[in-house]
Each structure stands twice: as C-alpha cells, then as structure tokens.
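Okay, here's what each chain looks like letter by letter:
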Protein chains: 2
Amino acid sequence: MTMNKTGEFHFITESYLLDFKGQTTIPMIGNYLLHAASVHAEERGFGYSDMNKRNAAWVLSRLAIEMKEYPRMSEQVTLYTWVEEVGKLFTNRSFELVNSEGKPLGYARSIWAAIDIETRRPTLLDVEGLSAYLTDRPHPPIEKPGKIVPVENTAEGIPYRVKYSDLDVNGHLNSIKYMEHLLDLFDLELFKEKNISRFEITHQSEGKYGMELSLHSASMEPDKYNMAICHEGKAICRAAVSWQ
Amino acid sequence: MTMNKTGEFHFITESYLLDFKGQTTIPMIGNYLLHAASVHAEERGFGYSDMNKRNAAWVLSRLAIEMKEYPRMSEQVTLYTWVEEVGKLFTNRSFELVNSEGKPLGYARSIWAAIDIETRRPTLLDVEGLSAYLTDRPHPPIEKPGKIVPVENTAEGIPYRVKYSDLDVNGHLNSIKYMEHLLDLFDLELFKEKNISRFEITHQSEGKYGMELSLHSASMEPDKYNMAICHEGKAICRAAVSWQ
C-alpha cells in the first residue's frame with residue numbers, strides 16, 4: 001500500500017475537553033497535532049517503533065501554532081500534516097486544521113530532532129529515507145518557530161512540582177502539560193477578552209517526575225508574553241504567546 | 001429517525017493522553033464516559049440544549065468506574081451507555097467499555113440530578129419522557145456508587161487553587177480535573193506496582209475559578225483510599241479508590 005505523503009486525520013471535539021468559553025484549548029490542539037504526527041510517521045515507517053529499532057527516539061524541539069478560529073462543541077475538524085523539510089539533525093513538519101467546510105481554522109509548524117535512547121544526545125537523521133515523504137505542498141502561511149528571548153531572570157517564578165498526570169508514555173513531562181501549566185499563568189480576564197492568536201514553544205530538556213520547576217511569564221509588548229519553565233534556574237522550555 | 005435506546009460510541013486512544021505506563025488514565029476514561037453521556041442524551045432529546053430550554057442543567061452526582069484492563073496505545077474501544085433507572089430527582093446511567101474483539105475492559109455506573117439554572121437547586125425530572133429510554137439491558141456487574149466516608153478531618157490537606165485549565169464549558173471545575181488532582185496525590189510507586197480497579201466519586205458542590213481547595217487522602221484498609229476535595233473545610237467532592 002502506498003501512503004499519501006500528506007496525512008489526513010479527522011476528529012470531533014469532546015465537551016469535557018473544551019474550556020470555559022466552549023473552545024478547544026491550545027493544549028488539546030497540541031494533542032491532536034502530536035498524535036497525528038506520531039500516526040503519520042508510524043504509518044510511513046519512520047515512527048516510534050521504527051526509530052526504536054535504530055535505538056533512537058523523536059524529540060519535539062520547536063512548535064508554533066496559529067489559530068484564526070477555535071473549534072467549538074462537537075465540531076468535526078480535519079487535520080493535514082506533512083514533512084516540510086529534512087536536514088541532518090532536524091526535520092520540519094507542518095499542519096493545517098480545517099473545519100467541515102474546508103475553511104482553515106489554523107496552522108502549525110514544528111521542528112523535530114532524533115536522540116539516541118541511551119545517551120539522550122542528538123543523532124543523525126535518515127535524510128534519504130525521510131526525504132521520500134517531502135511534498136510540493138507549500139508551508140503554512142505562518143512564521144517558523146524560532147528563538148525565544150529568556151524571561152526567567154526578569155520575571156519571578158511560580159513553583160510547580162511534576163506529578164503523575166504530567167507524565168507521557170516515556171515517563172517525561174508531557175508536551176501538552178507544558179502548554180497547560182504555562183497558560184494557567186494568565187489571568188482568566190485575558191481569556192475572557194481575547195484569544196491566543198499564536199503559541200510558540202521550544203523544548204530544551206526533559207522534565208521528570210517530582211522535579212521542582214518554576215513557571216515564568218513577562219509581557220514583552222502589549223498582548224505578547226514570553227514564558228519559561230525552569231529547573232534549578234535553567235530553562236527546560238521557553239514559550240511565546242500572542243493574544244488578539 | 002428512531003434512536004436505539006443504548007448508545008454506541010467508538011474512540012481510539014491518543015498517544016499524548018496516555019500515562020507513563022502507556023495506559024488510558026481514569027480521567028480520560030471519565031472524559032469518554034461523560035462525553036458519550038452528553039451525546040446520547042442530546043441525540044434523544046434530553047441533552048444540554050433541551051434541559052436549557054426548561055431552565056435546567058444536568059449535574060453528575062455520583063460515578064463509579066471499574067476497570068479490568070486499561071486501553072493502551074492506539075487501541076479501538078467501544079463504549080455502550082444506557083439509562084438504567086429514572087426517579088423524580090435522580091436518574092442512573094450505565095456504561096460498558098469493550099475492546100475491538102468485544103471483550104469487556106470495564107464498566108461504570110452513574111447517578112445524575114437536574115438543577116434549576118438560576119437557583120442551582122435540584123429540580124424534578126421529566127420521569128415519563130426519560131422512561132421512554134429505559135432498556136431491558138441489565139446493569140453492569142459492579143456496585144452502584146454510594147456514600148463515601150469523610151476523611152477531610154483525619155488527613156491533612158494539600159492546597160490547590162482552581163486554574164484556567166480546570167474549568168469546563170460551564171465555567172466550573174471540570175469533572176475530569178477533580179479526578180486528575182485526586183490521583184496526583186498517590187505516589188508514582190503505587191502506579192508502577194498496581195492499577196486502579198475501582199474509582200468512585202461523589203460531587204457535592206461546584207468548584208469555581210480561583211477557589212482555594214484542599215486535597216485529602218487517607219488509606220482505609222490495604223489498597224483502599226478515601227479522598228476529599230474541600231473548600232473552607234467543607235467537602236465539594238469525595239472519592240474512594242481501590243488498587244489491585
């Protein structure tokens with residue numbers, strides 16, 4: 001069976017996973033994106049189990065999500081994902097979210113690296129193998145995720161200890177939970193007045209069970225915030241959030 | 001169109017919503033159950049929007065979940081739900097979870113009340129209307145959820161403040177988040193050694209944004225714990241958890 005280069009996934013929003021505005025949250029959109037990425041890769045022979053055979057694992061390095069409109073209660077959403085670029089150490093994957101009439105709701109772009117399971121150090125990608133899945137589909141009309149200015153030394157941190165519900169299948173702090181804890185730093189009034197137009201995150205190192213973290217947030221300009229999650233003063237992830 | 005009395009729902013587990021053991025969590029099973037309950041009721045004319053027209057809303061009073069086996073990565077699960085009993089103030093709804101071969105994975109039983117949207121006080125159910133959906137299907141082979149012995153005066157509480165990510169579409173503490181915060185009280189070692197065989201919860205009142213809560217847990221006998229979430233010393237919910 002030849003798989004399409006672009007993966008197509010369908011989901012229906014679930015009522016208990018919506019926020020108080022009746023909208024799908026950024027962490028839940030993150031879940032849909034990352035799940036689609038896993039399945040897309042697995043189906044094409046470069047997923048979790050294939051990487052595992054090579055003693056390697058995928059690691060999400062950077063992710064940027066831009067939403068024009070948030071899916072609401074029981075809404076059918078289609079998610080497209082495709083490989084945008086392949087390099088020796090990084091590969092870029094793009095996403096497009098559309099509603100049941102095909103109208104774009106949002107886009108995402110992500111950068112992934114592979115690590116050696118034992119050493120946890122970056123390892124070379126199978127450039128030739130992965131390149132077979134490159135498409136002509138243009139990248140989404142949003143900026144790539146990039147470097148985020150540190151705020152951990154300017155904004156005081158709120159303490160947080162990693163719990164059972166924070167762990168993913170690898171026993172590390174779940175990518176979705178990073179987003180959840182960061183967004184909880186914003187006041188509810190901001191959610192009432194505005195929506196997140198762009199959410200960007202970069203991962204530096206892994207969070208583990210029981211780890212004492214500090215959550216930082218500072219406004220850079222009106223409606224723009226830089227954020228960080230630190231462990232012993234060193235950022236394990238940084239984020240940038242724009243509101244509209 | 002005549003709807004079957006028993007609702008049938010299908011879902012596939014998603015990798016980023018599994019725990020460190022690669023298993024679906026109790027809160028995520030709770031999400032599937034409550035989502036199926038909402039859709040089942042809505043499709044049969046007694047859901048959220050129908051209740052809203054009568055100035056009323058469903059409130060989950062008690063829920064018991066028993067799992068023999070937890071769905072794992074990318075597993076297809078079927079969930080059946082049906083109305084088990086209808087009274088003047090309460091109605092009972094049952095659930096059965098089976099895997100792709102029809103093998104039962106677990107069961108749940110729940111008790112619901114209706115409240116007046118304005119007064120937030122219990123209101124009478126439409127017994128005749130709801131009774132049209134009673135089936136001959138026997139209730140699941142697990143005990144109904146019942147009264148839970150208080151522990152808030154014997155076990156010291158861990159403080160928790162209700163955040164954005166805790167809120168449901170009604171702006172109250174999400175039923176799933178109650179479960180998540182309670183389970184986070186258990187040590188990871190317990191999750192490593194055992195599984196939750198029964199999780200039972202009773203809701204007494206609504207949690208709201210910014211509310212200062214305390215989370216309590218006490219072991220009643222080996223592998224059995226009673227729990228409570230309190231606000232100003234009064235329980236807003238109680239739970240009982242058995243491990244095996």
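The rules behind the values
- Residues numbered from 1 in each chain as written.
- Chains lettered and ligands numbered in written order.
- Predicted model: local features only at pLDDT ≥ 70, side-chain atom pairs only at ≥ 80, totals over all residues.
- Heavy atoms only, no water.
- 1 Å grid on protein atoms, 1.4 Å probe; cavity = no way out; pocket = protein on both sides within 12 Å on 5 of 7 lines; lining within 4 Å.
- Points joined across faces, edges and corners; volume = space filled by probe spheres on them.
- Helix = DSSP H or I, 4+ residues; strand = E, 2+ residues; numbered from the N terminus.
- Nonpolar A, V, L, I, M, F, W, Y, C, P; charged D, E, K, R; others polar.
- Buried < 20%, exposed > 50% of the residue type's maximum accessible area, 1.4 Å probe, protein only.
- Axes fitted to C-alpha atoms, helices over the stretch in contact; angles between N-to-C directions.
- Parallel < 35°, antiparallel > 145°, perpendicular 65-115°, else oblique.
- Left-handed = near helix turned anticlockwise from the far one by under 90°.
- Contact = heavy atoms within 4.5 Å.

**Q** Help me understand empty space enclosed by the protein, please; the structure alone is not making it clear to me.
**A** Think of a ball as big as a water molecule: rolled over the atoms, this probe shows where empty space is left. This model, assessed by the stated rule, comprises 4 cavities of 30 Å³ or more. Volume-wise, the largest cavity comes out at about 470 Å³. Along the walls of the largest cavity sit 28 residues, with Met28(A), Lys177(A), Glu180(A), Lys177(B) and Glu180(B) positioned nearest its centre. Counting only elements with at least two residues in the lining of the largest cavity, the list comes to helix H1 (26-43) and helix H4 (175-183) of chain A together with helix H1 (26-43) and helix H4 (175-183) of chain B. In terms of residue class, the lining of the largest cavity is built from 16 nonpolar, 6 polar and 6 charged.

**Q** Just checking my understanding: could you explain H4(A) for this structure?
**A** For the α-helix, the turn length of 3.6 residues means that residues three or four positions removed from each other point alike. Taking burial as the measure, the 9 residues of H4(A) include 9 buried ones, the bulk of the element. Of all the residues in H4(A), the buried ones are Ser175(A), Ile176(A), Lys177(A), Tyr178(A), Met179(A), Glu180(A), His181(A), Leu182(A) and Leu183(A).

**Q** Can you help me understand the packing of H1(A) against H4(A) in this one?
**A** Two quantities define a packed helix pair, namely the angle between the helix axes and the distance between the axes. Residue and element names in this part refer to chain A. Axis separation between H1 and H4 bottoms out at 8 Å; the angle between their running directions is 165°. Relative to H4, H1 is oriented roughly antiparallel. Note on packing geometry: the crossing formed by H1 with H4 is right-handed. Residues Ile26, Pro27, Gly30, Asn31 and Leu34 of H1 form the contact with H4, whose participating residues are Ser175, Ile176, Met179, Glu180 and Leu183. Here the residues of the contact of H1 with H4 sort into 6 nonpolar, 3 polar and 1 charged.

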